[in-house]
Amino acid sequence: MIQSNTIKQQQAQRILELFAIARQRYLDAGGNPRRTPKGLKGDDYMTDEERQEALVLGREIFPQEYIEKFL
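Residues numbered from 1 in each chain as written. Predicted model: local features only at pLDDT ≥ 70, side-chain atom pairs only at ≥ 80, totals over all residues. Heavy atoms only, no water.

1. Notes on the overall build of the protein
Looking only at helices and strands, one finds three helices and zero strands in the protein. Listed N to C, the secondary structure of the protein is α-α-α in terms of helices and strands. The C-alpha radius of gyration of the protein comes to 14 Å, more than 25% above the 11 Å expected for a compact globule of 71 residues. Reported as C-alpha extents along the three principal axes, the dimensions of the protein are approximately 45 × 25 × 25 Å. For the protein, buried positions account for 21% of its 71 residues. The contacts of the protein with a sequence gap of at least 6 include a subset with a gap of at least 24, amounting to 43%. For the protein, the exposed area adds up to about 5,700 Å²; of that, 56% sits on carbon and sulfur atoms. (Helix = DSSP H or I, 4+ residues; strand = E, 2+ residues; numbered from the N terminus. Rg over C-alpha atoms; globule rule 2.2 N^0.38 Å. Buried < 20%, exposed > 50% of the residue type's maximum accessible area, 1.4 Å probe, protein only. Contact = heavy atoms within 4.5 Å. Areas by Shrake-Rupley, 256 points an atom, 1.4 Å probe, with all protein chains shown as cover.)

2. Notes on the packing of aromatic side chains
This model, assessed by the stated rule, comprises one aromatic pair. Summarising the aromatic geometry, the rings of tyrosine 26 and tyrosine 45 are spaced 5.3 Å apart at their centres and angled 70° between planes, so their arrangement reads as edge-to-face. Residue tyrosine 26 is located in helix H1 (residues 2–28), and its partner tyrosine 45 is located in the loop between H1 and helix H2 (48–61); the two are separated by 19 residues in the primary sequence. (Phe/Tyr/Trp six-rings, centres within 6.5 Å; stacked < 30°, edge-to-face > 60°.)

3. A few points about the side chain of aspartate 44
Secondary-structure assignment places aspartate 44 in the loop between H1 and H2. Residue aspartate 44 is classed as buried on the basis of its relative accessible area, which comes to 10%. One polar contact links the side chain of aspartate 44 to the main-chain amide nitrogen of methionine 46, over a distance of 3.2 Å. There is a polar contact of 2.8 Å between the side chain of aspartate 44 and the side chain of arginine 51. Contact partners of aspartate 44, with chain neighbours within four places excluded, come to Ala22, Pro37, Gly39 and Arg51. (Polar contact = N/O pair within 3.5 Å; in protein donor to acceptor, adjacent residues only side chain to side chain.)

Below is the structure:
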C-alpha cells in the first residue's frame, strides 16, 4: 500500500513536471503570464509524446469513476 502511494506520488509529480514544461514554453512564446492556455491540442504547448504520457499517467492515478464524474 505504501509502495502504491509512493508510485502515485511519483506519477503525480511527473504530470506536474510536464505541465510546468508546457507552461514555460507558453511563456517563452510570448504568452500572457496571467492567462493559462486552453489546454486543447495545439494550445497546450505539449508535444504529442508529452500529451500522451500525461493522459496515461492521469488514467493510472485517478480511478475511472472519478474521471467519469467530471466528464
